[in-house]
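# Fold and geometry: a report
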Amino acid sequence: MLLFNTNYDSLYKQLRNIEDAFWHGINPRKKCIYYRTYQAIAEILKELDRDSSFRFLKSKNLEKDSMAYYLKNIKKNDINFLENRSYHVDMMLESYFSVSKIVSLFCNSKYSNELDNSYIPTIDIRKDEDQELLLEFFQNEAPHLLSYYEELLEDGDFFNLPNNEFFDKRGGVTVFNSIDNKANVFIESVYDTMDTLAVLPHELGHVSDFLDYRKRFSEKDQQLMIYRGIYGEVISTLYEQKFLEYYLENGKHKEDSLLGLLAYFDQRIQYLWDVAVCGMLDENDVYYVMRHTIPLQSCHEVLLENGCLKYEPNLDDENRLLCFDDALEYGYGFLLANYFLENPLKYEAFLNVRNGYFDPKKLEDIGINSKEISKSLVKRSEKIFGKYL
């Protein structure tokens, strides 16, 4: 089983350091970032340490200023999306239809029909064999992630994630603290399926991203990481999928792990479609979707009415909601993770250009274009599922 820190002194110390910074005339950008970090840690601590007598900072002015600056910078991301919408739509649609064909062929194959794909496979945590496989993955495929995990444990920065609405029931959360140069990792303690086990390499991927980003880019660029840019889930998704594939090739539960990968692909493919849908809406509707989580079907109705869709797509879940931020980040995370799994020599060049706002020319200058991104996703899908067709 995974080991969590139960001493929360490190978290309280971080809160005190952030409070001290507020009274030293920091600029609006830092104030916004520090306050959002403070909020995240405080909300978790309230659940983890309910008997604590710590007096959490409450300031309407800080909250107001922080939110105003946050929305100002989020708007820049929104404008950037609209400026590049044709690029996003074309690549997302091409990738979506291409990989959907492969997944559909697998789902309709004789092999797939013999599997019970009505559930996500469970892990026998009494034997810990899958946790052992996870550590083996770190040692063989990502030793630097194992080092981060050991450092987090040693420094007291690895914790259980309580069930908290503030984090929308996510399986894991990484909270960055640029004052103390720390990455705090919080993960749900129940690891009974392979997809939840994959949360650890995903979150450690965020740690790797954060620490590498701080080495390469300016303080201003580092602070922009909080505004949920397109590349925010690339490295985390890369290590998550690497582990899922390692599980398939080296674990003892081949059929179960294949079903887990299928569920993973199915969810990510939905994000590709969601981004394309957002990009096809008119500007006013796009801005509304950017600020609200809404039924996907309502977007389809608008696109049918204005002629962007010729027929209504068949949804497995008619109540599926569209969240713009998640779709954009996880959609690009999925696409580029598969690109780098197929083209590992391009990864280092990407690390040097992932700062700032999205610019397709920066990718093209290092030899990464939309056609190759789509082709790489297809190639990776064929490697995983093609042998069972």
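Residues numbered from 1 in each chain as written. Predicted model: local features only at pLDDT ≥ 70, side-chain atom pairs only at ≥ 80, totals over all residues. Heavy atoms only, no water.

## Remarks on the sheet that holds strand S3 (residues 182–187)
Think of a sheet as strands paired side by side through backbone hydrogen bonds, with each pair either parallel or antiparallel. Spelled out, the test is: Strand pairing is assigned whenever DSSP detects at least two bridges linking the two strands. Labels follow the DSSP assignment, with helices taken as runs of H or I lasting at least four residues and strands as runs of E lasting at least two, numbered in each case from the N terminus. Every axis in this analysis is a line fitted to C-alpha atoms, fitted for helices over the stretch in contact. Angles between the N-to-C directions lie between 0 and 180 degrees. Note on definitions: a residue-residue contact is assigned when non-hydrogen atoms from the two residues lie within 4.5 Å.
Ordered by their spatial adjacency, three strands build an open sheet running S1-S3-S2, and the pairing between neighbours is mixed. Two strands in the sheet have a free side with no partner beyond their single neighbour: strand S1 (158–160) and strand S2 (172–177). Taking each pair of neighbouring strands and ignoring which way they run, the sheet shows an average axis angle of 20 degrees. In this structure, S2 lies alongside S3, joined through six bridges in antiparallel fashion. Residue pairing for S3: Asn 177 is matched across the bridge by Lys 182. Helix H1 (residues 9–22) contacts S1, S2 and S3 of the sheet and is inclined by roughly 135 degrees relative to S3. Strand contacts of helix H2 (residues 28–48): S1, S2 and S3, with the helix running at about 130 degrees to S2, the strand carrying the most contacts.

## Digging into the packing of helix H12 (residues 254–280) against helix H14 (residues 296–305)
Selection rule: The cut-offs work like this: below 35 degrees is roughly parallel, past 145 is roughly antiparallel, 65 to 115 is roughly perpendicular, and the gaps in between are oblique. Handedness of each helix crossing follows the sense of rotation of the near helix against the far helix: counterclockwise by less than a right angle gives left-handed, clockwise gives right-handed. Polar here means any residue outside two lists: the nonpolar Ala, Val, Leu, Ile, Met, Phe, Trp, Tyr, Cys and Pro, and the charged Asp, Glu, Lys and Arg; Gly therefore counts as polar.
Running from N to C, H12 and H14 point in directions that differ by 40 degrees, and their axes come no closer than 10 Å. By the angle class used here, H12 and H14 are oblique. H14 is crossed by H12, and the crossing has left-handed handedness. Where H12 approaches H14, its residues Trp 273, Asp 274, Val 277 and Met 280 are matched on the opposing element by Leu 296, Cys 299, His 300 and Leu 303. For the contact of H12 with H14, the residue count by class is six nonpolar, one polar and one charged.

## As for the side chain of Asn 84
For clarity, the threshold we go by: Residue burial is assigned from relative accessible area. The probe radius is 1.4 Å, only protein chains are included, and a residue is buried under 20% of its type maximum, exposed over 50%, and partly exposed in between. Under the rule applied, a polar contact is a pair of N or O atoms within 3.5 Å (in protein, one hydrogen donor and one hydrogen acceptor; residues adjacent in sequence only if both atoms are side-chain atoms).
Positionally, Asn 84 belongs in the loop between helix H3 (60–83) and helix H4 (85–107). Since its relative accessible area comes to 13%, Asn 84 is described here as buried. From its side chain, Asn 84 meets the backbone oxygen of Asn 80 in a polar contact 2.9 Å long. For Asn 84, the residues in contact, after removing those within four places along its chain, are Phe 358 and Pro 360.

## Brief notes about the confidence of the model for the protein chain
Operational definition: pLDDT is defined as a per-residue confidence score from the predictor, taking values between 0 and 100.
Taken over all residues, the pLDDT of the protein chain has a mean of 87, while the share at 70 or more is 90%. Mean pLDDT values for the elements of the protein chain range from 72 in helix H10 (residues 219–224) up to 97 in helix H16 (residues 347–351).

## Regarding the packing of aromatic side chains
How we decide: When the centres of two rings from Phe, Tyr and Trp lie within 6.5 Å, Trp using its six-membered ring, the rings pair. Their planes under 30 degrees apart give stacked, over 60 give edge-to-face, and anything left gives tilted.
Enumeration according to the criterion identifies 32 aromatic pairs in this entry. Taken together, a centroid distance of 6.3 Å and an interplanar angle of 55 degrees make the contact between Phe 22 and Tyr 35 tilted. Taken together, the residues span a long stretch of sequence, with Phe 22 in helix H1 and Tyr 35 in helix H2 at a distance of 13 residues. Neither Phe 22 nor Tyr 35 differs from the other in exposure class; each is buried.

## Comments concerning the pattern of salt bridges
Our working rule: The rule for a salt bridge is simple: a side-chain nitrogen of Lys or Arg has to be within 4 Å of a carboxyl oxygen of Asp or Glu.
Tallying each qualifying case throughout the model produces 18 salt bridges. Here Asp 209 and Arg 354 are joined by a salt bridge, their closest N and O atoms 3.0 Å apart. Here Asp 209 is found in helix H9 (residues 199–216), whereas its partner Arg 354 is found in the loop between H16 and helix H17 (360–365), with 145 residues between them in sequence. For the pair shown, Asp 209 and Arg 354 are each scored as buried. Between Arg 380 and Glu 245 there is a salt bridge whose closest N-O contact spans 2.6 Å. Of the two residues, Arg 380 sits in helix H18 (residues 370–385) while Glu 245 sits in helix H11 (residues 234–250), which places them 135 residues apart along the sequence. Here the two residues Arg 380 and Glu 245 agree in accessibility, since each one is buried. Each of the salt bridges in this network shares a partner with another, and the network as a whole consists of Asp 209, Asp 212, Arg 216, Glu 348 and Arg 354.

## Regarding unusual backbone geometry
With phi around 55 degrees, Asn 181 is a residue other than glycine that occupies positive phi space. With respect to the helices, strands and loops of the structure, Asn 181 is situated in the loop between S2 and S3. Note on Asn 181: relative accessible area 42%, which makes it partly exposed.

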